[in-house]
Amino acid sequence: MVADTVMDLFERSPSALTFDDGTIVGSAAVADEGRRLARSLRDRGLEPGDRIALHLPNGADYVRLLLAAAAGGFVAVSVNTRYSDAEVAALIARSGARTASLDHDWRGSPPVSSLREPDDGFLVFTTSGTTNAPKMVLHTQRSIAVHAVDAAAAFGYGRDDTVLVAMPLCGTFGLTSLTAAVAGGSSVVVTNFQVERTAALIESRGVTAVNGSDDMFHRLMAHGSDLSTIRLGGVARFNTSLDSVVSDAEVRGATLSGLYGMSEVQALFSLRDPGLAADDRIRPGGTLVSPSAEFRVVDDELEVRGPSLMAGYLADGGVGIDDELTAAHLLDGWFRTGDLALAEDSRTFEFLARRGDALRLGGFLVHPLEIESVITGVPGVAAAQVVAVDRPDGARPVAFVIGAADEAEVIDACRRRLALHKAPIRVFTVDEFPTTPSANGTKIQRTRLRELAADLLAGDG
């Protein structure tokens with residue numbers, strides 16, 4: 001398939017979409033509904049270029065509104081359904097969006113026929129990044145549509161596949177899974193992740209492909225879900241205590257492979273070769289899915305470019321691009337991801353850590369995952385996070401663990417398996433890690449852990 005716009009993508013696809021409420025609609029039919037809804041919204045005062053907030057769970061209404069934005073020339077602002085009321089209100093105000101409603105008779109409206117250009121602003125994702133307020137990432141219809149076609153080809157999505165979309169559509173992980181499945185002409189099952197419901201859908205619908213977090217797959221397997229029909233599951237690695245998720249799935253007949261993505265370049269940007277051994281497939285990163293995409297590693301930082309790249313960061317007030325913020329991350333077409341990576345060959349890389357999460361210990365850059373992997377191997381440790389704290393003798397690592405862990409045993413294990421400067425000076429047991437909501441679930445607040453570590457060490461005297 002060749003598609004320059006999201007409407008092209010849906011109108012040319014033979015896919016059928018099934019939703020939790022029992023609605024089953026063809027891809028072209030839901031595109032027509034989007035055109036009728038766009039006409040109705042225009043009649044109610046919306047103009048091309050206006051922003052509309054999509055604050056909905058996964059479902060038919062979300063897809064209809066997305067396609068109404070594509071058909072009507074509106075800019076859809078994806079609002080994380082896990083945000084608090086105050087966060088939702090702040091984002092809507094910053095983006096200049098109006099809350100779109102489907103509580104009126106739009107089905108009788110004639111379909112709108114005019115479209116804006118493929119390179120006009122179309123969709124806004126939010127990402128926390130390193131700032132206090134979420135950055136608003138603006139994509140065009142072309143970047144969404146072309147990447148969907150590239151991802152579908154790389155993941156091998158076709159008419160014989162049934163693709164389950166369980167990650168939130170308000171984030172790039174869920175939305176790219178949907179658009180790639182439509183680009184491949186696959187049958188699509190859209191749900192809001194809930195273990196029992198999702199497990200039942202995988203079995204009853206014979207799901208062959210699904211993308212999700214390591215925690216999602218872990219919970220499905222802990223439930224005893226039959227995953228044997230899954231020929232390919234893209235897995236995002238968020239939890240270092242779940243390193244066995246790929247090998248555990250393999251025992252159950254499912255093939256999971258690590259991947260990489262972010263709002264600025266979209267999810268499914270790269271994928272590990274599904275033919276590799278499980279220990280290799282768990283590593284995040286992989287081979288670029290788009291033949292036109294490129295990457296390079298400059299001073300350990302991953303820089304990328306390609307057709308899936310954002311247009312820029314939306315300015316507060318929702319009018320145009322924030323040139324200063326965009327220029328800080330995007331230079332000569334290369335996006336500075338802020339991620340540390342290792343090039344494996346000209347098309348394949350391994351994601352190591354966020355630059356802000358990396359530890360500078362003993363004059364060397366240390367990835368926390370290296371230490372966390374040792375700690376989670378200690379009996380009684382369910383999960384671990386390691387941060388660096390400035391001390392009179394330099395930055396030193398401090399570990400936080402969940403579980404029944406013996407501090408001396410953890411430190412001894414690290415001293416035996418790692419260089420001495422990588423062994424934590426203290427290990428604190430907590431009930432849970434501080435988190436903040438994201439479209440893919442939650443993110444651990446490492447800044448808060450660093451503050452907590454400093455306070456606890458100060459208490460030690």
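Undergrad: I keep staring at the packing of aromatic side chains and nothing clicks. Help me out?
TA: Two measures describe an aromatic ring pair: the distance that separates the ring centres and the angle between the ring planes. Taken as a whole and assessed by the stated rule, the structure comprises five aromatic pairs. Ring centres of Phe155 and Tyr157 lie 5.6 Å apart, and the angle between their planes is 50°; on these two criteria the pair is classed as tilted. When sorted by exposure, Phe155 lands in the same class as Tyr157, which is buried. A centroid spacing of 5.9 Å and a plane angle of 40° characterise the contact between Tyr260 and Phe351, whose relative ring orientation is tilted.

Undergrad: Any chance you could explain the nonpolar core here in plain terms?
TA: Soluble globular proteins: nonpolar side chains tend toward being buried together. Ranked by internal contacts, the top residues of the largest apolar core, which has 103 residues, are Phe10, Leu17, Val63, Leu178 and Phe335. Ranked by residues supplied to this core, first place goes to helix 3 (residues 60-72) with ten residues. If we ignore the near neighbours within four places in the chain, the residues touching Phe335 are Met262, Glu264, Val265, Leu302, Glu303, Val304, Leu309, Met310, Tyr313, His329 and Leu330. Counting 19 residues, the second largest nonpolar core, distinct from the first, contains Val386, Ile411, Ala413 and Cys414.

Undergrad: Before we go on, may I ask you to explain the sheet that holds strand 7 (residues 135-140) in this structure?
TA: Two orientations exist for strands paired in a sheet by backbone hydrogen bonds: parallel and antiparallel. Strand order across the open sheet formed by six strands is 5-3-4-6-7-17, with mixed pairing between neighbours. Both outer strands of the open sheet, strand 5 (98-99) and strand 17 (312-313), are each paired with one neighbouring strand and no more. In terms of strand pairing, strand 6 (residues 121-127) meets strand 7 through six bridges, oriented antiparallel. By the bridge assignment for strand 7, Val124 is matched with Leu138. Relative to the sheet, helix 4 (residues 85-95) contacts strand 3 (51-54), strand 4 (75-78), strand 5, strand 6 and strand 7, its axis offset from that of strand 7 by approximately 55°.

Undergrad: Hey, could you run me through the pattern of salt bridges in this one?
TA: Pairs may arise between side chains of opposite charge once their charged atoms sit close together. Counted according to the given criterion, the structure contains 25 salt bridges. Note that Arg281 is salt-bridged to Glu250, the shortest N-O span being 2.6 Å. With a gap of 31 residues between them, Arg281 in helix 10 (residues 278-281) and Glu250 in helix 9 (residues 245-251) connect regions that are remote in the sequence. Looking at Glu250, the relative accessible area reads 43%, which means it is partly exposed. In this structure, the salt-bridge partner of Arg283 is Glu350, at a minimum N-O distance of 3.2 Å. Here Arg283, found in the loop between helix 10 and strand 14 (285-288), pairs with Glu350, found in strand 20 (residues 348-354); they are 67 residues apart in sequence, far enough to count as distant.

Undergrad: Any chance you could explain unusual backbone geometry here in plain terms?
TA: Residues other than glycine predominantly adopt negative phi, and peptide bonds predominantly adopt the trans conformation. A positive phi angle is found at Asp299, which is not glycine, with a value near 50°. Examined against the element boundaries, Asp299 turns out to sit in the loop between strand 15 (294-298) and strand 16 (301-305).

Here is what the cut-offs are and how they apply
- Residues numbered from 1 in each chain as written.
- Predicted model: local features only at pLDDT ≥ 70, side-chain atom pairs only at ≥ 80, totals over all residues.
- Heavy atoms only, no water.
- Phe/Tyr/Trp six-rings, centres within 6.5 Å; stacked < 30°, edge-to-face > 60°.
- Buried < 20%, exposed > 50% of the residue type's maximum accessible area, 1.4 Å probe, protein only.
- Core = buried A, V, L, I, M, F, W, Y, C linked by side-chain atoms within 4.5 Å.
- Helix = DSSP H or I, 4+ residues; strand = E, 2+ residues; numbered from the N terminus.
- Contact = heavy atoms within 4.5 Å.
- Pairing = 2+ DSSP bridges.
- Axes fitted to C-alpha atoms, helices over the stretch in contact; angles between N-to-C directions.
- Salt bridge = Lys/Arg side-chain N within 4 Å of Asp/Glu carboxyl O.

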